[in-house]
Amino acid sequence: MTEKLSDIQSKLRLGEISCVSLVEFYLQNIEKNKHLNAFLEVFELEARNKAIEVDAKIKNNTAGRLAGLVLGIKDNLCYTGHKVSASSKILEGYEAVYTATAVQRLLDEDAIIIGRLNCDEFAMGASNENSAYGPVLNFQDNTRVPGGSSGGSAVAVQANMCHASLGSDTGGSIRQPASFCGLWGYKPSYGCISRHGLLAYASSFDQIGPLTKSIEDLNLIMDVLSGPDQFDATAFQTKIAFGELQSVLSPKRFAVIKECIENEGVDPEIKAHTMQAIAMLQEQGHTVEMVDFPLLDALVPAYYVLTTAEASSNLARYSGLLFGYRSPNAQDLNSTFVKSRSEGFGPEVKRRIMLGTFVLSSNHYDAYYTKAQKVRRLIQQKTEEIFATADFILLPTTSTPAFKLGEKANNPIAMYLADLFTVHANLAGNPAVSIPTGTHSNHMPYGLQLMAPMKKDKELLDIAAYLYHLKP
Amino acid sequence: MQEFEAVIGLEIHIQLKTQSKAFCADSALYGESPNTLVSAISLGHPGTLPMHNISAIEYATKLGLALHCNITQLNGYARKNYFYADLPKGYQISQDKTPICTGGFVEIPSNNGNKKITITRIHMEEDSGKSMHDQDLYDSLIDYNRAGVPLVELVSEPEIRSGEEAYHFVSEIRKLVRYLDICDGNMEEGSMRCDANISIRPVGSQTFGTKVEVKNMNSMTNVKRAIEFEIKRQTEAVLAGEKIVSETRSFNAANGSTISMRSKEEAQDYRYFPEPDLPPFIINQEFLDKVKISLPELPKALFEKFTQQLGLSDYDAQVLTEDRDTAAYFTELYAQCKHAKTAANWILGPIKSWLNEQAKDISLFPLNPTQLSKLIQLVMENTISHTAAVSVVLPELIANPSLEPIEIATKNNILQNTNSEELENWVLKVLESMPEKVAEYQNGKKGLLGLFVGEVMKLSKGSADPKKVNEIVRNKLD
């Protein structure tokens, strides 16, 4: 099943297949691949009922743009009446009381939501090993991680357990697992999609985005998701329209960050692959320029100071008081807070809450938080400078293909460096896409990444499709 | 003995009476059943985000303009982080480095003329839920209706020197927010809350003493009482050689004292940082102009108008400008009856006493200025006497505002009789009936004039014009 949604929709219209049969197909795959642990919950009955409904709409010609799309959503997106836990024990038993704007927009176009997908707890992680509900396994090689934090979202699509999925990307959480699982993964411009209903990790970094097997599907889903929202003040006031993918007719200017390509940690095959892509672009008449980005070493530290600061505040609401897990050992207000949080959060989340609390504390504020904010502004400036003379930045999505389960689990710093090439787009706010172009000699896939200036999301997807078809 | 002066700064929380909450569409109404005005956003459910309430920003701007403040262009929001049961998100959305208003002042009366108290800042924030620890035997209860209601916090410079001055400061602020119609200024219900920072120092000293914060003063009188108590307590302590500790104290209205709540040494670190969910709100010239146009005439301007243009006394003007409704009622009444002093006398006399008896506000007075001016007109034209107007017509008119004052006067037979012939007959009748008194009068006991006039009034059943009667009696006897 590597068809595009438009192919599926043609068959649906011709009556060759039905939504009901599609749903059964995915449900069977879900059952078969249970051991991958991609789904936290399957909305079996509901998906079947919705399939009947959409089939009827197709017959009546009243079906929405996403009729026939069966997708899973990351377990940090609210869908009213359904559980949502961010893969954390602290939200044990919690049911969403409203629907995220992004999810609602999919439903309004007749997408079928088949279940909620495992992820790193509160989207904090790069391997999906931080879930309270166990790790997710890479379908290609079960001894390897799928990446994170949207690991379930990647594997569900990789193993045909759904056609596409939604993830969220704070520092690479969509693009890195997409790269590790051979998928398209997209982090839109900050503000392109409403965050209303996305359980916040780091508010000024988080964006929702899709993971798909084709650029056409990615483009269509983005067109449905983007647009202003009365519930998110940080969403753009004007919709970024995607429309149909457009051919690239004129020569483009690409920038390649020297420090990324020359980085010792980059796998030689991935480096060679990137160089190959550069050569092919040049052959086609595009210009590729090597640029300096001396702030590369500052990316990950600035990212962790700022995201943990925001997270320490965003996660304060999980206090055992109004919703979610409350410790049975709590005796008074203070012990409700302390015990519920101590028992409810996993170790990585606690580490980040403590780190964030530390960098915001008055004795350390200027040394860490203020400084990291300054670095972020410098990164934004420097990125703008690059885009003054380039249309896109090209770089690998990840420095290696998927690593082994447990390989970095005990070394948080090594794990944090897995985000090296992806955090840039979140720090600067720019859109970035991971394109599934590479296959390693160890058979694992990996991606190339393209970044564009703010709000140039449509241009980015057009050029991504172009680069993909060059087959580097 | 060493003399001390008090150094006092006030922090006033002003609840803005917008329709909806500061950062979501939930109603901000006071007094509804507990926990009925709470959506997922008010309760801080996962994934919810704040949105700007433009009205709240307009209200805060109004207050700033009325207090002569600088209005900040780029209004950033910040999170103030702390854990408490009535704070659903675990942080309060507030402003830190970019308060909406800075500078400005309040003028208060003091011993030697007016005194200006500088405003340090006014910032916008959201209220917490309301914790109630005394409603249930075992549990603390929380009403989250208040969670997210918009507030502004006004901070004064430490330029206040006494409980009396603090009283005037709070009173001026309350008057102003009511004029601006942005807060009902009800300290008992907590829509306006005041904390005071108090220290003392030897007179002449330029350095500050250790300050103590006093909370829970739920009336203007209690602000004064608490400060006076605290000044006395600190003075006595210093004279006794004790050290003042930096702490938060609570005012006990029952016995007028303050008691220690917590030491400032354990002060919380609120870890303020810019609120990433709310982009800064830009106040541009267009926004400012719009707010300026919506500003009502303020008490100070009205006071000047009433005294300088209309010739009212300072006292009358002061009382009439005490609240916006009274000033508006006066302005309209004056427009109808064209006589400022008469209009003022009516409002400050019979109307005020009726309102006091009923414990009502002038907005609830049953007669509008047009209706009242018809009655005043009758007095001014000498159709009825002032006494009859106040004691007979006014009560009936209040009970039945749809009646015309003249109908009531006619029905009660109190139209002033100015018919000279009839008046002369009554006067003669009275004088004939009391010849001894007439003789006494003519022998110099001029004080009896009142007796004769009174008797004529009785005879006329109050309908005679006393001034005229007076004249006729004198003509007959002198």
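Residues numbered from 1 in each chain as written. Chains lettered and ligands numbered in written order. Predicted model: local features only at pLDDT ≥ 70, side-chain atom pairs only at ≥ 80, totals over all residues. Heavy atoms only, no water.

## Here's the deal with the overall build of chain B
Here is step 1 of the chain: When helices and strands are tallied, chain B shows 15 helices and 17 strands.
Here is step 2 of the chain: By principal-axis analysis of the C-alpha atoms, chain B measures approximately 95 × 60 × 50 Å.
Here is step 3 of the chain: Both charge centroids of chain B, one from 50 positive and one from 64 negative side chains, sit 2 Å from each other. (Helix = DSSP H or I, 4+ residues; strand = E, 2+ residues; numbered from the N terminus. Lys, Arg positive; Asp, Glu negative; His and termini not counted. Charge placed at Lys NZ, Arg CZ, Asp CG, Glu CD.)

## Description of a nonpolar patch on the surface
Here is step 1 of the chain: Side chains of A:Leu355, A:Phe358 and A:Tyr368 sit close together on the surface and give an oily, nonpolar patch of about 240 Å² of accessible area.
Here is step 2 of the chain: Tracing the backbone through its elements, the reader meets A:Leu355 in helix H12 (residues 347–360). (Patch = residues over 30% accessible without salt bridge, like charges linked within 9 Å, V, L, I, M, F, W, Y side chains within 5 Å. Areas by Shrake-Rupley, 256 points an atom, 1.4 Å probe, with all protein chains shown as cover. Salt bridge = Lys/Arg side-chain N within 4 Å of Asp/Glu carboxyl O.)

## Quick notes on the pattern of salt bridges
Here is step 1 of the chain: Enumeration over the complete set of coordinates arrives at 48 salt bridges over all chains.
Here is step 2 of the chain: In this structure, the salt-bridge partner of B:Glu247 is B:Arg249, at a minimum N-O distance of 2.8 Å.
Here is step 3 of the chain: Residue classification places B:Arg249 among the buried residues on the basis of a relative accessible area of 9%.
Here is step 4 of the chain: Look at the salt bridges and you will find they share partners, linking A:Arg195, A:Asp232, B:Arg79, B:Glu275 and B:Asp277 into a network. (Buried < 20%, exposed > 50% of the residue type's maximum accessible area, 1.4 Å probe, protein only.)

## Here we look at empty space enclosed by the protein
Residue and element names in this part refer to chain B.
Here is step 1 of the chain: Counted under the stated rule, the structure contains 7 cavities of 30 Å³ or more.
Here is step 2 of the chain: The calculated volume of the largest cavity comes to roughly 190 Å³.
Here is step 3 of the chain: Lining the largest cavity are 20 residues; nearest its centre among them are Ile 41, Ser 42, Lys 89, Ile 93 and Glu 126.
Here is step 4 of the chain: In the lining of the largest cavity, the residues fall into 10 nonpolar, 3 polar and 7 charged. (1 Å grid on protein atoms, 1.4 Å probe; cavity = no way out; pocket = protein on both sides within 12 Å on 5 of 7 lines; lining within 4 Å. Points joined across faces, edges and corners; volume = space filled by probe spheres on them. Nonpolar A, V, L, I, M, F, W, Y, C, P; charged D, E, K, R; others polar.)

## A closer look at the environment of B:Leu295
All names here are of chain B.
Here is step 1 of the chain: Along the polypeptide, Leu 295 turns up in the loop between helix H4 (285–294) and helix H5 (299–309).
Here is step 2 of the chain: Classification of Leu 295 as partly exposed rests on a relative accessible area of 22%.
Here is step 3 of the chain: When the C-alpha positions of Leu 295 and Asp 143 are compared, they lie 34 Å apart, and in sequence the two are 152 residues distant.
Here is step 4 of the chain: Beyond its immediate sequence surroundings of up to four residues, Leu 295 is in contact with Lys 62, Leu 65 and Leu 180. (Contact = heavy atoms within 4.5 Å.)

## Here we look at helix H3 (residues 44–59) of chain A
Residue and element names in this part refer to chain A.
Here is step 1 of the chain: End to end, H3 covers 23 Å across 16 residues, agreeing with the expected 22 Å (1.5 Å per residue, within 8%).
Here is step 2 of the chain: If you check which residues of H3 are buried, you get Ala 47, Lys 50, Ala 51, Val 54, Asp 55 and Ile 58. Down the axis, H3 shows its buried residues gathered within 145° of arc, on one side only. Among the exposed residues of H3, those oriented more than 90 degrees off its buried face are Leu 45, Ile 52 and Lys 59.
Here is step 3 of the chain: The inward-facing, buried residues of H3 contact helix H1 (5–14), helix H2 (19–32), helix H4 (101–108) and strand S3 (112–117).
Here is step 4 of the chain: Note on H3: the residue one or two positions beyond its end, Asn 61, has a positive phi of about 60°. (Expected span 1.5 Å × (residues − 1). Arc of directions from axis to C-beta.)

## Looking at the domain arrangement of chain B
A common way to express how large an interface is: the accessible area buried when the components associate.
Here is step 1 of the chain: Domain parsing of chain B yields domain 1 (4–286) and domain 2 (420–477).
Here is step 2 of the chain: For domain 1 of chain B versus domain 2 of chain B, the distance between C-alpha centres works out to 67 Å. (Domains from an automatic or database assignment.)

## Examining the sheet that holds S3(A)
Sheet strands line up and pair through hydrogen bonds in the backbone, either parallel or antiparallel.
All names here are of chain A.
Here is step 1 of the chain: Strand order in the open sheet formed by 11 strands is S1-S3-S2-S4-S6-S5-S10-S11-S9-S7-S8, and the pairing between neighbours is mixed. The sheet is open, and its two edges are formed by strand S1 (39–42) and strand S8 (287–291), each paired on a single side. The average undirected angle you get between the axes of adjacent strands in this sheet is 30°.
Here is step 2 of the chain: The pairing of strand S2 (residues 70–74) with strand S4 (residues 164–169) spans 3 bridges and is parallel. Bridge pairing links Ile 73 to Leu 166 in S4. (Pairing = 2+ DSSP bridges. Axes fitted to C-alpha atoms, helices over the stretch in contact; angles between N-to-C directions.)

## A few points about the interface of chain B and chain A
Here is step 1 of the chain: Taken together, the contacts link 30 residues of chain B with 40 residues of chain A.
Here is step 2 of the chain: With both sides pooled, the region where chain B packs onto chain A buries about 2800 Å², and carbon together with sulfur makes up 62% of that total.
Here is step 3 of the chain: Counting every contact that joins chain B to chain A gives 1 salt bridge.
Here is step 4 of the chain: Across the pair A:Arg195 and B:Asp277 runs a salt bridge, and its minimum N-O distance is 3.0 Å.
Here is step 5 of the chain: Counting every contact that joins chain B to chain A gives 16 residue pairs in polar contact (both at pLDDT 80 or more).
Here is step 6 of the chain: Sorting the residues of the side of chain B that touches chain A by element identifies strand S4 (78–81) and strand S16 (273–274) of chain B as the ones contributing at least two each.
Here is step 7 of the chain: Here the side of chain B that touches chain A is composed, by residue class, of 19 nonpolar, 6 polar and 5 charged. (Buried area = accessible area lost by both parts, 1.4 Å probe. Polar contact = N/O pair within 3.5 Å; in protein donor to acceptor, adjacent residues only side chain to side chain.)

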